[in-house]
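Letter by letter, the chains look like this.
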Amino acid sequence: MTVHFIGAGPGAADLITVRGQQQLASCGVCLYPGSLTPTDLLAHCPDGAALVDTADLTLDDIIGRLIEAHEAGHDVARLCSGDPAVYSAVAEQMRRLDAAGVPYDVTPGVPAFSAAAAVLGRELTVPTVGQSLVLTRAQARSTSMPEGEDLATLSASGTTLALHLAINRVEQVVDELLPHYGADCPAAVVAKATQPGETVLRGTLGDIAGQVREAGLNRAAMIFVGKVLAAENFPDSFLYSAGRERHAPGDPYCENGGGPH
């Protein structure tokens, strides 16, 4: 059997990939995060599939279920909210499966920051305004941040920030970022992107914390900070410039190559 780590996407059931949906439909066992998985998504599981909510399980409990399914000859869908590459706790599950000799693969999903940017109607890499994006989180009741990854260090360049798992520390975030971005820097919060109850807040670093508290947001939210959020007078992308020489497919500046802006 195989454990399929599947990115379930940001919330909306139709934002799972085709591959992920097909894997769900072929697995006799599905482990899913109950508080983050829409019922419509589980409807893709086959009739009679064993559905296991992992919300109240420990890591050892989860691995035990995966090994049990392996020994019974079942393929397993292990749903992860958003994309498995970011804040999914997949790394420690893979480590234990490697030790147990249980095979697995990974299917990516739409990450929360991408869904939130779509809700905002903003590209996060705008020519001459911002070409880099830092994905990070705030330190709270969780594992400590590695040395050099504190907000003060990461924000020193003024790069666009996308913060996960930080909404309950929004005042702390603002305090740490103000010296580098200034109170008038554009900021936004998207809570429950693509889900029922989706909330969008737009403002500045100086007022966003107050907006968050007034709206009563305390979970499933992304915080964005950066000039790209309000960029207007910027040059057109070099990608489609009429004056540049056309290049062959595979060239980094060719449209099909996903070249720089």
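Just so it is clear, the structure is predicted and the values come from calculations on it, not from any experiment. (Residues numbered from 1 in each chain as written. Predicted model: local features only at pLDDT ≥ 70, side-chain atom pairs only at ≥ 80, totals over all residues. Heavy atoms only, no water.)

## Thoughts on the overall build of the protein chain
Which entries qualify depends on this criterion: Think of it this way: any DSSP run of H or I at least four residues long counts as a helix, any run of E at least two long counts as a strand, and we number them from the N terminus. Burial classification: accessible surface area is computed with a 1.4 Å probe over protein chains only, and a residue below 20% of its type maximum counts as buried, one above 50% as exposed, and the rest as partly exposed. Residue-level accessible areas treat just the shown protein chains as cover; the underlying method is Shrake-Rupley with a 1.4 Å probe. Counted charges follow a simple rule, with Lys and Arg positive, Asp and Glu negative, and His plus the chain ends left uncounted. For charged residues, the charge sits on one atom: NZ in Lys, CZ in Arg, CG in Asp, CD in Glu.
On a plain count of helices and strands, the protein chain comes out with eight helices and 10 strands. Once the C-alpha set of the protein chain is aligned to its principal axes, its extents read approximately 60 × 50 × 35 Å. Out of the 261 residues belonging to the protein chain, those deemed buried represent 40%. By element, 50% of the accessible surface of the protein chain is carried by carbon and sulfur atoms, the whole surface being about 13,300 Å². Mean positive and mean negative side-chain charge positions of the protein chain (16 and 30 charges, respectively) differ by 3 Å.

## Examining the layout of surface pockets
Any empty space left between the atoms is revealed when a probe the size of a water molecule rolls over them. Rules: Note on definitions: the grid is 1 Å and covers protein atoms alone; a cavity is a set of points where a 1.4 Å probe fits but cannot get out; a pocket is an open set with protein on both sides within 12 Å along at least five of seven lines; lining residues have an atom within 4 Å of a point. Grid points are joined across faces, edges and corners, and a volume is the space filled by probe spheres set on the points. In this count, Pro and Cys sit with the nonpolar residues alongside Ala, Val, Leu, Ile, Met, Phe, Trp and Tyr, while Asp, Glu, Lys and Arg are called charged and the others, Gly among them, polar. Note that the domain bounds reflect an automated or database-derived domain assignment.
The space that makes up the largest pocket amounts to roughly 1,500 Å³. Around the largest pocket sit 46 residues that line it, and Leu-36, Ser-81, Tyr-87, Leu-165 and Ala-220 are the ones nearest its centre. Of all elements in the fold, only α3 (59–71), β4 (76–80), α4 (90–100), α5 (112–120) and β10 (221–225) reach the threshold of two or more residues within the lining of the largest pocket. If you tally residues by element for the lining of the largest pocket, the top one is β4, at three residues. Counted by class, the lining of the largest pocket contains 25 nonpolar, 13 polar and eight charged residues. Mapped onto the domain boundaries, the lining of the largest pocket takes at least three residues apiece from domain 1 (3–107) and domain 2 (112–230).

## Considering the domain arrangement of the protein chain
Where the parts come together, the accessible area they lose is often given as the size of the interface. Note the cut-off: Summed over both partners, buried area is the accessible surface (1.4 Å probe) that two parts give up on being assembled. The term polar contact refers here to a pair of N or O atoms within 3.5 Å; inside protein, the definition further demands a hydrogen-donor-capable atom paired with an acceptor-capable atom, and it admits residues adjacent in sequence only when both atoms are side-chain atoms.
Segmenting the protein chain into domains produces domain 1 (3–107) and domain 2 (112–230). Taking only C-alpha atoms into account, the centre of domain 1 sits 28 Å from that of domain 2. Taking both sides of the interface into account, the surface hidden between domain 1 and domain 2 amounts to around 710 Å²; carbon and sulfur atoms contribute 63%. When the area that domain 1 buries against domain 2 is broken down by residue, the three leading residues are Pro-10, Val-86 and Tyr-87, summing to 65%. Between domain 1 and domain 2 we count three residue pairs in polar contact (both at pLDDT 80 or more) in total. Of the residues assigned to the side of domain 1 that touches domain 2, the class counts are six nonpolar, two polar and no charged.

## Considering helix α8 (residues 208–215)
How we decide: What the arc measures is the spread of directions leading from the helix axis to the C-beta atoms. Here, residues are in contact when the closest pair of their heavy atoms is within 4.5 Å.
Listed as buried for α8 are Ile-208, Ala-209 and Val-212. End-on, the buried residues of α8 take up no more than an arc of 105°, which puts them together on one face. Of the surrounding elements, those touching the buried residues of α8 are α7 (170–181), β8 (186–191) and β9 (199–204).

## Comments concerning the sheet that holds β4
Our working definition: For two strands to pair, DSSP has to find at least two bridges joining them. Angles run from 0 to 180 degrees between N-to-C directions of axes, and those axes are lines fitted to C-alpha atoms, restricted for helices to the stretch in contact.
Reading across the sheet, the five strands line up as β3-β2-β4-β1-β5 and stay open at both edges, with parallel pairing between neighbours. Since the sheet does not close on itself, it has two edges, and those belong to β3 (50–53) and β5 (104–107), each with one partner. Averaged over all pairs of adjacent strands, the angle between strand axes in this sheet comes to 20°, irrespective of strand direction. Together, β1 (3–7), β2 (29–32), β3 and β4 form the strand contacts of α3, whose direction differs from that of β2 by roughly 170°.

## Let's talk about the nonpolar core
The cut-off we apply is this: Residue types Ala, Val, Leu, Ile, Met, Phe, Trp, Tyr and Cys, when buried and joined through side-chain atoms within 4.5 Å, form a set referred to as a nonpolar core.
Leu-177, Val-189, Ile-223 and Val-225 are the most contacted members of the largest nonpolar core, which has 24 residues in total. Among the secondary structure elements, those contributing two or more residues to this core are β7 (160–164), α7, β8, α8 and β10. Of the residues forming this core, the biggest block, five residues, is contributed by α7. Beyond its immediate chain neighbours, meaning those up to four positions away, Ile-223 contacts Leu-161, Ala-162, Leu-163, Ala-166, Ile-167, Val-170, Ala-188 and Val-189. Counting residues in each nonpolar core, the second largest holds 16 residues, with Ala-115, Ala-117, Ala-162 and Ala-231 among its members.

## Observations concerning the sheet that holds β7
The five strands lie next to each other as β6-β7-β10-β8-β9, forming an open sheet whose pairing is mixed. Strand pairing shows two members of the sheet lacking a second neighbour, β6 (133–137) and β9, which therefore form its edges. Neighbour to neighbour, the strand axes of the sheet diverge by 15° on average, direction disregarded. With three bridges connecting them, β7 and β10 associate as antiparallel partners. What sits directly across from Ala-162, in β10, is Phe-224.

## Here's the deal with the packing of aromatic side chains
Note the cut-off: Any pair of Phe, Tyr and Trp rings, taking the six-membered ring for Trp, is counted once the centres come within 6.5 Å. Such a pair is stacked with planes under 30 degrees apart, edge-to-face with planes over 60 apart, and tilted for the rest.
Following the criterion strictly, the structure yields one aromatic pair and no others. An angle of 75° between the planes, with centres 5.9 Å apart, marks the rings of Phe-5 and Tyr-104 as edge-to-face. Taken together, the positions of Phe-5 in strand β1 and Tyr-104 in strand β5 put the pair 99 residues apart, joining distant regions of the chain. Assessed through its relative accessible area of 26%, Tyr-104 is described here as partly exposed.

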